[in-house]
Amino acid sequence: MAVTVPGSGHHHSKVLLHPTTLELSEKRIAIIGSNGSGKSTLLRLFNGLILPTSGRVEVAGLNTGSQGRQVRRLVGFVFTDPLAQLILATAADDVELSLRPLIRDRKLRRDEAIRLLAERGLERVADQSVYDLSGGERQMVAFTSVLASGPQILVADEPTTLLDLRNRDRVRELIRGLDQQVVVATHDLDLAADADRVLVVDHGRIVADGQPDEAISEYLKLARA
Amino acid sequence: MNLFGLFLPGDSWLHRLGAGWKYLLLLVLTIPVLIVSLPAPSLVALGVTMLLLASAKIRPTLAWQLPLGFWVVAAMLGGYQLVTAHFDLAIVVTANLITAVYASRLLTLTTPGAVLIDALVAALRPLRRLGVNPEQVGLAIAIMLRSVPVLLDSFGQVRQAAQARGRERNLFALVTPVVVRAVGHAQATGAALAARGLGEI
């Protein structure tokens with residue numbers, strides 16, 4: 001697969017991701033790299049938010065281009081900024097939105113939304129505006145909303161970037177406890193160290209791929225060169 | 001602060017009233033005055049809306065307070081009519097706008113968001129035969145309600161940034177960034193919907 005943004009006028013086309021072949025089967029995968037290196041592009045390929053300009057991306061045997069709808073039902077996506085992710089006005093409404101295709105009965109759906117929020121210690125903010133929540137609470141609500149739809153794979157784009165130390169640890173703990181396969185792009189090297197496999201992306205290429213210790217050390221060398 | 005307000009649990013008659021009746025009430029309070037377009041009916045509708053909102057027994061600061069951005073927009077609209085010597089229209093436009101917001105609050109402050117969507121979806125179900133997807137329309141309206149405060153907030157931020165550079169009188173400097181942010185917000189919302197497979201129900 002590869003991703004190129006076509007040029008227009010006197011602007012040249014820009015390669016976001018050079019031709020890459022990858023098979024990701026580990027339960028916890030981290031993608032690290034500097035800003036603009038291509039991490040987010042790679043992540044967005046996994047649920048068809050971006051389609052490759054050449055080659056193909058398959059998730060559980062489904063093509064993200066021709067079967068994008070089915071792929072997105074399998075792959076949950078958590079954004080860096082939860083405010084861009086939370087669609088409805090309150091925490092409970094947003095979780096309920098994810099549950100709509102699964103639970104038709106309004107009362108059961110509401111009860112399930114509150115139960116899911118309570119599981120993450122968020123019951124007291126259920127009826128609060130997402131604007132009134134702290135950054136950590138918003139991110140936990142975003143995770144709850146995405147997980148409510150029951151994805152088999154969770155993709156998270158820098159989920160700890162906007163968080164303080166305590167909330168960063170909460171997110172790490174949450175990810176550790178998930179049964180799903182998790183692919184996370186991050187600048188948080190502690191979070192990357194929790195993974196089974198770490199990919200290092202630089203200028204749209206995978207420049208290192210392996211155990212966390214080795215890959216993180218490669219990344220540090222690259223970043224400090 | 002949310003322009004349309006968020007659901008506040010309570011036991012007033014408005015809280016107990018079905019969402020469908022509240023939608024109807026909203027239409028009755030807002031549509032005829034738009035058609036008639038006369039100061040007296042607009043002011044009566046505004047008064048009735050205020051009385052109804054008071055009867056919802058909601059803490060006054062939560063029921064009545066509106067964001068500054070709204071008042072700026074209302075003043076601009078009313079001011080424009082005054083400048084162009086349409087005095088009656090200045091009253092009609094401003095009163096109708098305030099009525100629309102407070103009448104919306106009658107609905108949103110007393111009804112949970114999910115119930116609002118369910119009521120819309122139920123009302124639109126007969127249109128399914130005409131190719132309308134009620135779930136998508138319900139979702140679109142819910143997103144629209146969520147987006148209005150985002151845009152007002154965006155306007156407030158841009159105005160402050162323009163003031164900081166002494167350019168608050170430059171309409172182009174105010175409008176352009178708001179439009180750019182609105183497009184950015186729409187793209188982010190679209191991506192969030194697609195990521196959750198919700199725009200594809």
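### What about the overall build of chain B?
Helix and strand content of chain B: nine helices and zero strands. N-terminal to C-terminal, the α/β element order of chain B is α-α-α-α-α-α-α-α-α. Principal-axis analysis of the C-alpha atoms places the extent of chain B at approximately 50 × 45 × 35 Å. In chain B, which comprises 201 residues, the share counted as buried stands at 43%. Of all intrachain contacts in chain B linking residues separated by at least 6 positions in sequence, the fraction that spans at least 24 positions is 73%. Accessible surface for chain B amounts to roughly 10,600 Å². Of this, 71% is attributable to carbon and sulfur atoms. Across chain B, the centroid of the 15 positively charged side chains sits 3 Å from that of the 7 negatively charged ones.

### Some words on the nonpolar core
Ranked by size, the top nonpolar core spans 41 residues in total, and within it Ile32(A), Val95(A), Leu117(A), Val141(A), Phe143(A) and Leu154(A) carry the most contacts. If we ignore the near neighbours within four places in the chain, the residues touching Leu117(A) are Ala91(A), Ala92(A), Val95(A), Leu122(A), Glu123(A), Ala126(A), Val141(A) and Thr144(A). Judged by nonpolar contacts, the second largest core, of 33 residues, contains Val71(A), Val75(A), Ala142(B) and Leu193(B).

### Here we look at the pattern of salt bridges
Residue and element names in this part refer to chain A. Taken as a whole and judged by the stated rule, the model has 23 salt bridges over all chains. Lys 39 is paired through a salt bridge with Glu 158; the nearest N and O atoms lie 3.9 Å apart. Pair noted here: Lys 39 is in helix H1 (residues 39-45) and Glu 158 is in the loop between strand E7 (153-157) and helix H7 (165-176), with a separation of 119 residues, a long-range link. For the residue pair Lys 39 and Glu 158, the accessibility class agrees, reading buried in each case. In this structure, Asp 188 and Arg 168 form a salt bridge, with 3.5 Å as the shortest nitrogen-oxygen distance. Here Arg 168 lies in helix H7 and Asp 188 lies in the loop between strand E8 (181-185) and helix H8 (189-193), a separation of 20 residues in the sequence.

### Re the sheet that holds strand E6 (residues 75-78) of chain A
Residues and elements named next belong to chain A. Judged by pairing direction, the sheet is mixed, and its six strands sit side by side in the order E6-E7-E8-E3-E9-E10 without closing on themselves. The open sheet has two edge strands with one neighbour each: E6 and strand E10 (205-210). Averaged over all adjacent pairs, the angle separating strand axes in this sheet is 15 degrees, with direction ignored. Relative to strand E9 (residues 197-202), strand E3 (residues 28-32) runs parallel, the two sharing four bridges. Paired with Ile 31 across the bridge in E9 is Leu 199. With respect to the sheet, helix H6 (residues 135-148) is in contact with E6 and E7, its orientation differing from that of E6 by roughly 165 degrees.

### Things to note about helix H3 (residues 39-54) of chain B
Taking 1.5 Å as the rise per residue, H3(B) with 16 residues should run 22 Å; its terminal C-alpha atoms sit 23 Å apart, in good agreement. If you follow the buried residues of H3(B), they end up packed against helix H1 (13-16), helix H2 (19-36), helix H4 (60-64) and helix H6 (87-108) of chain B.

### What about the packing of aromatic side chains?
Per the counting criterion, the structure on display carries three aromatic pairs over all chains. Considering the side-chain rings of Phe77(A) and Phe79(A), the 5.0 Å spacing of their centres and the 55 degrees angle between planes classify their relative orientation as tilted. Phe79(A) carries the same exposure label as Phe77(A), and that label is buried. Judged by centre distance (5.1 Å) and plane angle (75 degrees), the rings of Phe70(B) and Trp71(B) are edge-to-face.

### Quick word on the domain arrangement of chain B
Residue and element names in this part refer to chain B. Splitting chain B by domain gives domain 1 (13-111) and domain 2 (133-195). Taking the mean C-alpha position of each, domain 1 and domain 2 sit 22 Å from one another. Facing the seven residues of domain 1 at the interface are four residues of domain 2. A combined buried area of about 410 Å² lies between domain 1 and domain 2, and 87% of that area is made up of carbon and sulfur atoms. Along the contact surface separating domain 1 from domain 2 lie zero salt bridges.

### Side note on the side chain of Thr90(A)
One can find Thr90(A) in the loop between helix H3 (82-85) and helix H4 (91-99). Polar side-chain contacts of Thr90(A) include one of 3.2 Å to the backbone nitrogen of Asp93(A). Other than its neighbours up to four places away in sequence, Thr90(A) contacts Ala126(A), Asp127(A), Gln128(A), Ser129(A), Val130(A) and Leu6(B).

### Concerning the packing of H2(B) against H6(B)
Helix-helix packing is described using two parameters, namely the angle between the two axes and the distance between the axes. Residues and elements named next belong to chain B. Axis separation between H2 and H6 bottoms out at 9 Å; the angle between their running directions is 175 degrees. Between H2 and H6, the interaxial angle falls into the category roughly antiparallel. Where H2 approaches H6, its residues Ala 19, Lys 22, Tyr 23, Leu 25, Leu 26, Leu 29, Thr 30, Val 33 and Leu 34 are matched on the opposing element by Asn 96, Thr 99, Ala 100, Ala 103, Ser 104, Leu 106 and Leu 107.

### Digging into the pairing of E3(A)
All names here are of chain A. Taken across its five residues, E3 has five buried, putting it largely inside the fold. The side-chain alternation of E3 yields two buried faces, one formed by Arg 28, Ala 30 and Ile 32 and the other by Ile 29 and Ile 31. Alignment of E3 against E8, held across four bridges, turns out to be parallel. Across the sheet, the residue bridging to Ile 31 is Ala 185, located in E8.

Basis of the calculations
Sequence order sets the numbering: in each chain, residues are counted from 1 along the sequence as written. Ligands are numbered from 1 and chains lettered from A, in the order in which they are written. The model is predicted, so local features are restricted to residues of pLDDT at least 70 and side-chain atom pairs to those at 80 or more, both for listing and for counting; the totals for chains, interfaces and linings are taken over all residues. The basis for every side-chain value is the complete set of heavy atoms in the structure, and neither hydrogens nor water enter the calculation. For the purposes of this entry, the term helix denotes a DSSP run of H or I that reaches at least four residues, the term strand denotes a run of E that reaches at least two, and both are numbered from the N terminus. Only protein chains enter the accessibility calculation, which uses a 1.4 Å probe; a residue whose area is less than 20% of its type maximum is buried, one above 50% is exposed, and one in between is partly exposed. Note on contacts: a residue pair qualifies if any of its non-hydrogen atoms lie within 4.5 Å across the two residues. For the accessible areas, the method is Shrake-Rupley and the probe is 1.4 Å, while residue cover comes only from the protein chains on display. Charge counting treats Lys and Arg as positive and Asp and Glu as negative, with His and both chain ends excluded. The atoms used to mark charge sites are NZ of Lys, CZ of Arg, CG of Asp and CD of Glu. We call a set of buried Ala, Val, Leu, Ile, Met, Phe, Trp, Tyr and Cys residues a nonpolar core when their side-chain atoms join them within 4.5 Å. We count a salt bridge whenever a side-chain nitrogen from Lys or Arg sits within 4 Å of a carboxyl oxygen from Asp or Glu. In this scheme, strands are said to pair when DSSP sees at least two bridges between them. Angular values range over 0 to 180 degrees, each being the angle between N-to-C directions of two axes fitted as lines to C-alpha atoms, with helices fitted over their stretch in contact. Multiplying 1.5 Å by the helix residue count minus one yields the expected span of that helix. Pairing of aromatic rings covers Phe, Tyr and Trp, the last counted by its six-membered ring, and requires centre-to-centre distances within 6.5 Å; plane angles under 30 degrees mean stacked, over 60 mean edge-to-face, and any other angle means tilted. Domain extents, as shown, originate in an automatic or database domain assignment. Defined here as a combined quantity, buried area equals the accessible surface (1.4 Å probe) lost by two parts on assembly, summed across both. N or O atoms within 3.5 Å of each other form a polar contact, as long as, within protein, one can give a hydrogen and the other can take it, and as long as residues adjacent in sequence are counted only when both atoms are side-chain atoms. These descriptions rest on fixed angle ranges, namely under 35 degrees for roughly parallel, over 145 for roughly antiparallel, 65 to 115 for roughly perpendicular, and the rest for oblique.

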